[in-house]
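# Understanding the architecture of this molecule
Below, each chain spelled out in residue letters.
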Amino acid sequence: MSKVAIVYWSGTGNTEAMADLIAQGVRAKGGTAHLIHASDFSSDKLDEFDAFAFGCPAMGDEELEDTEFLPMYDEVEPHLPGRTVVLFGSYEWNDGEWMELWEKRAEEAGVDVADSVIAYDYPDDEASAECVRVGSLLAG
Ligand SMILES: Cc1cc2nc3c(=O)[nH]c(=O)nc-3n(C[C@H](O)[C@H](O)[C@H](O)COP(=O)(O)O)c2cc1C
């Protein structure tokens, strides 16, 4: 049975709603989903899990949230190559460019990003279904 860490930061709940939907997808496939706030995660916990979803909304100017999420992610990313990783998050002001930049950065660090999901504001039906789908993927 796959043990999946869903590590996220969310200011107003949109990315958190996505995290909950990904957890539903994991559980629907018989996996166990652990929802973990960004500030409670670090690379020493990686070996406890089989797969990972990292979630952060677009903040700053198409950037990751820099007080809690980014310090955690900067520390964890060098240990992610070879692991199953999905990225997700919500945006509102632009067109999702932050996720393109995040995926590029991850790939340049040698991370094989299995998939990514973005949601405009609170996840609508289509984005919700995508979240459940990637949850299933992570549990597989
Ligand atoms: C300080 C701040 C910076 C933001 N910067 C961007 C941005 O660069 N691009 C964008 O599309 N949305 C931006 N947004 C909008 C958020 O990404 C959007 O409201 C998102 O749904 C918040 O997700 P959350 O509820 O998980 O915090 C910003 C919001 C805040 C508060």
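Residues numbered from 1 in each chain as written. Predicted model: local features only at pLDDT ≥ 70, side-chain atom pairs only at ≥ 80, totals over all residues. Heavy atoms only, no water.

Another point: the site of the ligand. Around the ligand, 18 residues are found, and the nearest of them are Ser10, Thr12, Ala58, Ser90 and Glu92. Within the backbone of glycine 11, a nitrogen or oxygen atom sits 2.7 Å from an oxygen atom of the ligand. In isolation the ligand exposes 650 Å². Once the protein is present, 82% of that is buried. If you list the elements that add at least two residues to the shell around the ligand, you get helix 1 (14–28) and strand 4 (84–91). For the shell around the ligand, the per-class residue count stands at 5 nonpolar, 9 polar and 4 charged. (Near = heavy atom within 4 Å. Polar contact = N/O pair within 3.5 Å; in protein donor to acceptor, adjacent residues only side chain to side chain. Areas by Shrake-Rupley, 256 points an atom, 1.4 Å probe, with all protein chains shown as cover. Helix = DSSP H or I, 4+ residues; strand = E, 2+ residues; numbered from the N terminus. Nonpolar A, V, L, I, M, F, W, Y, C, P; charged D, E, K, R; others polar.)

Side chains bearing opposite charge may pair, as long as their charged atoms lie close to each other. What the rule picks out here adds up to 6 salt bridges. The residue aspartate 115 makes a salt bridge to arginine 133 at a minimum N-O spacing of 2.9 Å. You can see aspartate 115 sitting in strand 5 (residues 113–120) and its partner arginine 133 sitting in helix 4 (residues 125–139), a full 18 residues away along the chain. Arginine 133 is the salt-bridge partner of glutamate 130, the closest N and O atoms lying 2.9 Å from each other. Of this pair, glutamate 130 and arginine 133 both sit in helix 4, separated by 3 residues, roughly a single helical turn. Judged by relative accessible area, glutamate 130 falls into the partly exposed class, the value being 28%. Three or more residues are tied together by salt bridges with common partners; here these are Asp74, Glu77 and Arg105. (Salt bridge = Lys/Arg side-chain N within 4 Å of Asp/Glu carboxyl O. Buried < 20%, exposed > 50% of the residue type's maximum accessible area, 1.4 Å probe, protein only.)

Turning our attention to helix 1. Every α-helix carries 3.6 residues per turn, so stepping three or four residues along brings you back to the same face. Between its first and last C-alpha atoms helix 1 spans 21 Å; for 15 residues at 1.5 Å apiece the expected length is 21 Å, and the two agree. Where helix 1 is buried, its residues touch strand 1 (3–8), strand 2 (32–37), strand 3 (51–55), strand 4, strand 5 and helix 4. Two residues or fewer after helix 1 comes glycine 30, characterised by a positive phi angle close to 90 degrees. (Expected span 1.5 Å × (residues − 1). Contact = heavy atoms within 4.5 Å.)

Its location among the elements puts serine 2 in the segment before strand 1. Overall, the relative accessible area of 16% leaves serine 2 in the buried class. For serine 2, the side chain forms a polar contact with the main-chain oxygen of alanine 139, separated by 3.5 Å. Setting aside its immediate chain neighbours within four residues, serine 2 contacts Gly31, Thr32, Asp50, Leu138 and Ala139.

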